[in-house]
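What follows is the residue order along each chain.
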Protein chains: 2
Amino acid sequence: MQNFSYKNPTEILFGKGMIAELATRVPRKTPVLLLYGGGSILRNGVHEQVKAALCQHRVIEFGGIEANPLLETCLQAVAVVKKAKIQFILAVGGGSVLDAAKFIAAAALFKGRDPWAILETHGANVTAALPVGTVLTLPATGSESNGNAVISRAATQEKLHFTSALVFPVFSVLDPTTTYSLPKKFVRNGLVDAFVHTMEQYLTFPAAAPLQDRFSEAVLQTLVEVAPVTLAKPRNYDARASFMWSATLALNTQLGCGVPQDWATHMIGHELTAFYGLDHAETLAIVMPGVWKYKLEAKRAKLEQYGRRVWGVKTAAAACAKTEQFFHAIGMPTRLGDYKINAAEAAAKVAERFAARGDAFGEHGDIDAKAAAAILRDRK
Amino acid sequence: MQNFSYKNPTEILFGKGMIAELATRVPRKTPVLLLYGGGSILRNGVHEQVKAALCQHRVIEFGGIEANPLLETCLQAVAVVKKAKIQFILAVGGGSVLDAAKFIAAAALFKGRDPWAILETHGANVTAALPVGTVLTLPATGSESNGNAVISRAATQEKLHFTSALVFPVFSVLDPTTTYSLPKKFVRNGLVDAFVHTMEQYLTFPAAAPLQDRFSEAVLQTLVEVAPVTLAKPRNYDARASFMWSATLALNTQLGCGVPQDWATHMIGHELTAFYGLDHAETLAIVMPGVWKYKLEAKRAKLEQYGRRVWGVKTAAAACAKTEQFFHAIGMPTRLGDYKINAAEAAAKVAERFAARGDAFGEHGDIDAKAAAAILRDRK
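Note that residues are indexed from 1 along each chain, following the sequence as it is written. Just so you know, chain letters begin at A and ligand numbers begin at 1, following the order they were written in. Under the rules for a predicted model, residues below a pLDDT of 70 receive no local features and side-chain atom pairs below 80 are neither given nor counted, while totals for whole chains, interfaces and linings still include all residues.

*Asks:* Tell me about the relation of the copies chain B and chain A, residues and numbers included.
*Replies:* Take chain B, turn it by 180°, move it 0.0 Å along the axis, and it overlays chain A with an RMSD of 0.0 Å. Taken together, the rotation angle and the small translation identify this as a two-fold axis. Using C-alpha coordinates, one finds that chain B approaches the rotation axis most closely at Pro9 of chain B, a distance of 2.1 Å. Residues below a pLDDT of 70 in either copy are left out; the C-alpha atoms of the rest, at least 70 in both, set the least-squares superposition of the copies.

*Asks:* Give me the lowdown on helix α13 (residues 316–329) of chain A, citing residues and values where you can.
*Replies:* All names here are of chain A. With 14 residues, α13 should cover 20 Å at 1.5 Å per step; its first-to-last C-alpha distance of 20 Å lies within 8% of that length. All buried positions along α13 are accounted for by Ala316, Ala319, Cys320, Thr323, Phe326 and Phe327. Angular distribution of buried residues about the axis of α13 spans 120°; they occupy a single face of the element. Opposite the buried face of α13, by more than 90 degrees, sit the exposed residues Gln325, His328 and Ala329. Contacts here follow a simple rule: the backbone-placed C-beta atoms of the two residues must lie within 7 Å. Each helix is a run of H or I in the DSSP string that is no shorter than four residues. Each strand is a run of E no shorter than two, and both are numbered from the N terminus. Tucked into the core, α13 has its buried residues touching α7 (184–200), α8 (210–232), α11 (280–294) and α12 (296–311). Here a helix's expected span is defined as the number of its residues, less one, multiplied by 1.5 Å. With C-beta atoms placed from the backbone, a residue is labelled by how many other C-beta atoms lie within 10 Å of its own: buried for 20 or more, exposed for 12 or fewer, partly exposed between the two. Taking the helix axis as origin, the arc is that swept by the directions to the C-beta atoms.

*Asks:* I'd like a rundown of the packing of α7 of chain A against helix α9 (residues 237–250) of chain A, residues and numbers included.
*Replies:* Residue and element names in this part refer to chain A. Every axis corresponds to a line fitted to the C-alpha atoms, with the helix fit spanning only the stretch in contact, and the corresponding angles, defined between N-to-C directions, vary from 0 to 180 degrees. Interaxial distance between α7 and α9 falls to 8 Å at its minimum, and their mutual angle equals 35°. For the element pair α7 and α9, the recorded crossing hand is left-handed. Contacts from Gly190, Leu191, Ala194, His197 and Thr198 of α7 reach α9 at Phe243, Ser246, Ala247 and Ala250. In the contact of α7 with α9, the residues fall into five nonpolar, four polar and no charged. Crossings are sorted by hand: turned counterclockwise from the far helix by less than a right angle, the near helix makes the crossing left-handed, and turned clockwise it makes it right-handed. Residue polarity is assigned by list, with Asp, Glu, Lys and Arg as charged and Ala, Val, Leu, Ile, Met, Phe, Trp, Tyr, Cys and Pro as nonpolar; anything else, Gly included, falls into the polar class.

*Asks:* Got a sec to walk through the domain arrangement of chain A? Specific residues and values, please.
*Replies:* Think of interface size as the accessible area that goes away when the parts come together; that is how it is often given. All names here are of chain A. Domain assignment breaks chain A into domain 1 (11–177) and domain 2 (184–377). Each of domain 1 and domain 2 has a C-alpha centre, and the two are 26 Å apart. Contacts between the two partners involve 17 residues from domain 1 and, on the opposite side, 22 residues from domain 2. Looking at the side of domain 1 that touches domain 2, the elements with two or more residues in it are β6 (148–153) and β7 (158–163). For the purposes of this description, domain bounds are those given by an automatic or database domain assignment.

*Asks:* Could you give me a rundown of the interface of chain B and chain A, with the residues and numbers involved?
*Replies:* Of the residues lining the interface, 32 residues belong to chain B; the matching set on chain A comes to 32 residues. If you list the elements that add at least two residues to the side of chain B that touches chain A, you get β1 (4–14), α8 (210–232) and α9 (237–250) of chain B. With ten residues, the top contributor of residues to the side of chain B that touches chain A is β1 of chain B. For the side of chain B that touches chain A, the per-class residue count stands at 17 nonpolar, nine polar and six charged. Pairing of strand β1 (residues 4–14) of chain A with β1 of chain B involves seven bridges; the strand directions are antiparallel. If you follow Ile12 of chain A over to β1 of chain B, its bridge partner there is Tyr6 of chain B. In this description, strands pair whenever DSSP reports at least two bridges between them.

*Asks:* Explain the pairing of strand β8 (residues 171–174) of chain B to me, using residue names and the numbers behind them.
*Replies:* Residues and elements named next belong to chain B. Burial along β8 is two-sided: the face carrying Phe171 and Val173 and the face carrying Ser172 and Leu174 are both buried. Pairing analysis gives four bridges linking β1 to β8, with the strands arranged parallel. Bridge pairing in β8 links Glu11 to Phe171. The pairing of strand β5 (residues 132–136) with β8 spans four bridges and is classified as parallel.

*Asks:* Before we move on, can you summarise the confidence of the model for chain A with the specific residues and values?
*Replies:* When pLDDT is averaged along chain A, the result is 97; 100% of the residues meet or exceed 70. Prediction confidence for the complex, expressed as pTM and ipTM, is 0.97 and 0.96 respectively. Think of pLDDT as the predictor's per-residue confidence, scored from 0 to 100.

*Asks:* Give me the packing of helix α7 (residues 184–200) of chain B against α8 of chain B: which residues, what numbers.
*Replies:* Residues and elements named next belong to chain B. The geometry of α7 relative to α8 is characterised by a closest axis approach of 9 Å and an angle of 170° between their N-to-C directions. When the axis of α7 is compared with that of α8, the two are roughly antiparallel. Within the contact between the two elements, α7 uses Lys184, Val187, Arg188, Leu191, Ala194, Phe195 and Thr198 and α8 uses Ser216, Val219, Leu220, Leu223, Ala227, Thr230 and Leu231. Class assignment for the residues of the contact of α7 with α8 results in nine nonpolar, three polar and two charged. The scheme is simple: roughly parallel for angles under 35 degrees, roughly antiparallel for over 145, roughly perpendicular for 65 to 115, oblique for anything else.

*Asks:* If you had to explain the nonpolar core to someone new, which residues and values would you point to?
*Replies:* The biggest cluster of nonpolar side chains holds 263 residues, and the ones touching the most others in it are Leu35, Ile89 and Ile104 of chain A together with Leu35, Ile89 and Ile104 of chain B. The residues touching Ile89 of chain A, leaving out its near neighbours within four places in the chain, are Leu33, Leu35, Ala101, Ile104, Ala105, Leu130 and Val132 of chain A. To count as a nonpolar core, a set of buried Ala, Val, Leu, Ile, Met, Phe, Trp, Tyr and Cys residues must be joined through C-beta atoms within 7 Å.

*Asks:* An account of the pairing of strand β7 (residues 158–163) of chain B is needed here, citing residue identities and associated values.
*Replies:* All names here are of chain B. Of the pairings in the sheet, the one linking strand β6 (residues 148–153) to β7 comprises six bridges and is antiparallel in character. Within the sheet, the bridge partner assigned to Asn148 lies in β7 and is Thr163. What sits between the antiparallel neighbours β6 and β7 is a turn of four residues, in which Gln157 has the positive phi angle 50°.

*Asks:* Describe the environment of Ala84 of chain B, listing the residues and the values that go with them.
*Replies:* Residue and element names in this part refer to chain B. Within the secondary structure, Ala84 sits in the loop between α4 (71–83) and β4 (88–93). Each C-alpha atom, one on Ala84 and one on Val313, is 58 Å from the other, the two residues being 229 residues apart in sequence. Once residues within four sequence positions are removed from consideration, Ala84 is found in contact with Pro31 and Ile60.

*Asks:* Let's hear about the sheet that holds β5 of chain B: which residues, and what values?
*Replies:* Spatial strand order, β3(A)-β2(A)-β4(A)-β5(A)-β8(A)-β1(A)-β1(B)-β8(B)-β5(B)-β4(B)-β2(B)-β3(B): twelve strands in an open sheet with mixed pairing. One side of each edge strand has no neighbouring strand; the edge strands of this open sheet are β3 (59–62) of chain A together with β3 (59–62) of chain B. Neighbouring strand axes in the sheet, compared pairwise and without regard to direction, differ in orientation by 25° on average. Across the sheet, α4 of chain B lies against β2 (32–35) and β3 of chain B, angled at about 160° from β2 of chain B, the strand it touches most.

*Asks:* Could you give an account of α9 of chain A, with specific residues and numbers?
*Replies:* Helix length check: α9 of chain A (14 residues) gives 20 Å between terminal C-alpha atoms against 20 Å at 1.5 Å per residue, within 8%. Taking burial as the measure, the 14 residues of α9 of chain A include twelve buried ones, the bulk of the element. Where α9 of chain A is concerned, the buried positions are Ala239, Arg240, Ala241, Ser242, Phe243, Met244, Trp245, Ser246, Ala247, Thr248, Leu249 and Ala250 of chain A. Looking at the packing, one finds that the buried side of α9 of chain A touches β1, β8 (171–174), α7 and α8 of chain A together with α8 of chain B.

This is how it looks when you write it as structure tokens:
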């Protein structure tokens, strides 16, 4: 096992009716920014529950955070925060709203000239952030219990991430009933997102970390088990609860303790979203099988273990096939061609960007521009 | 899944050489109490490493914390803390030293007359505590990453526990190499302790929590796998590291999120330690098979799942048998008779105490005096 340090201070408030806990968890002394997205929370009753819990608080609302939240929108919220002297941000929504809240929390106290520098340094220059609390309405990103955020800049078609211990949510409310009204596509995306988050911390090479391996396999097995149930029966509480808890534990950073990590799929995927506007999970389902095929020898031992333990198959090839079949079974395409995207063109565009930044990812640090291009050309 | 709230703010610093991190993690402004036990850390090089890391700190040492730490000893340490205006306690040792540190941290700021009241209220009256950091040298109790402590009072042969969010360690250093010199008996005890901690949160009744079940099974499988290796080869780093990390995750309170919990084995076991001086783990290995047999029907579904997934056997009876065989294989007796303790007498003594306090434990709250007596009579 590799050395590691691990700390996750987020309080999880899990279950039916837990939104009421906001009344005591959100500080009352100063105004609160209530941040949300496209307005689904106005239609599904969540906004009403949140407002009821905060009836003793001064609340300033800011809606309209996009999927793949934009720097440009976040900066408008930062201006509101500064003007109203807001000291607490409550994000209500999915990973995009939560990520935006983290960025706004850091940008509001950022000393530099241009907050985009937070993304360019991947968070290294974050020295303070307002406290953030969340009410999660879309299980997927794990943002509710980690210090990560991904922000896009429309002006330059860039999508970058930052990480800081200062932006872990103080608390996150996870009420599975808030997800009952999610469109099927969002649920499918969330399942794939959580699945691939687990894989980025698991599907590398053996590192004498049997407990972490089994924890990752536990998340994968549970997602495979609940996926068809929660897609077919959105109001099945138990399936939705297991999906929600699995997505949180997939990326609360515990699975990655002491083991090598990959993340090449995410980094290539971010570029596909930036260039073509694909959903984050859609890019992951395209790229991951390509990364596995490209690194088949280096990943063979773990692919075989995964295949054996999660799918009951014997070979690495069968494990890869089972994974794509699983994605297809829940309605997730796995090829660029499924979106009418020219693979050769996508490969060239992503490679150019990797080359310009000198990027290289993967557990061996060898997924560079050339590798990314080869992977994408093969996903036509 | 049941509703739950979960928060674990302890920072884990895991791996070879991590004791050096104390230099920056322990605050320097005020004197530090360095708490330890019988002095093994003076012989195995850990004390030297700790002192080297704290060469810039003012350190006041307090050794001599017993296995099953005594109130009487802890109160001497509280006097030292108050006199020297100590603001940080560094516990170096196993669960006993860590538990003592937590109690001392709470007792030093306790407003009531008699700090034993902290135990009598199981922590409900703890309103403040000094910060505690730990260097763990014995994987077993999980005390390095939870808010629990167990303290004994010699004067009355009592052993009680308390829990408070205020006594979670700020950080815990887990360096597997510090455990290389442990006597085999301590390793055996730690393996059983971690195993039974997991069981108390798992072996109840199905609660539609498939991910928690699999996480618990992951810990059980890993302990079963590494136990013979780490007993035979104490200096095998990977096995010792997996054992250490398993013991921490067995009781960092995450496994118990959203599921029923038992703890009857622990509560009966504490009485056996209080009356007969058995090691904590020795009591658990005696009592747990008895609790399972007594509640066989209520626990059958989970026993069968456990048997199937961890041991590859089909029946509840076979799962029980495999568990006792595992304990025996690592040198752990499972009967009162193995210690020449009269089962009928032990049953009567424990039952009297349960009856006097009106205690009842277990996931159904029905392990009362009568049940405890029946369980113990059967463990002759």
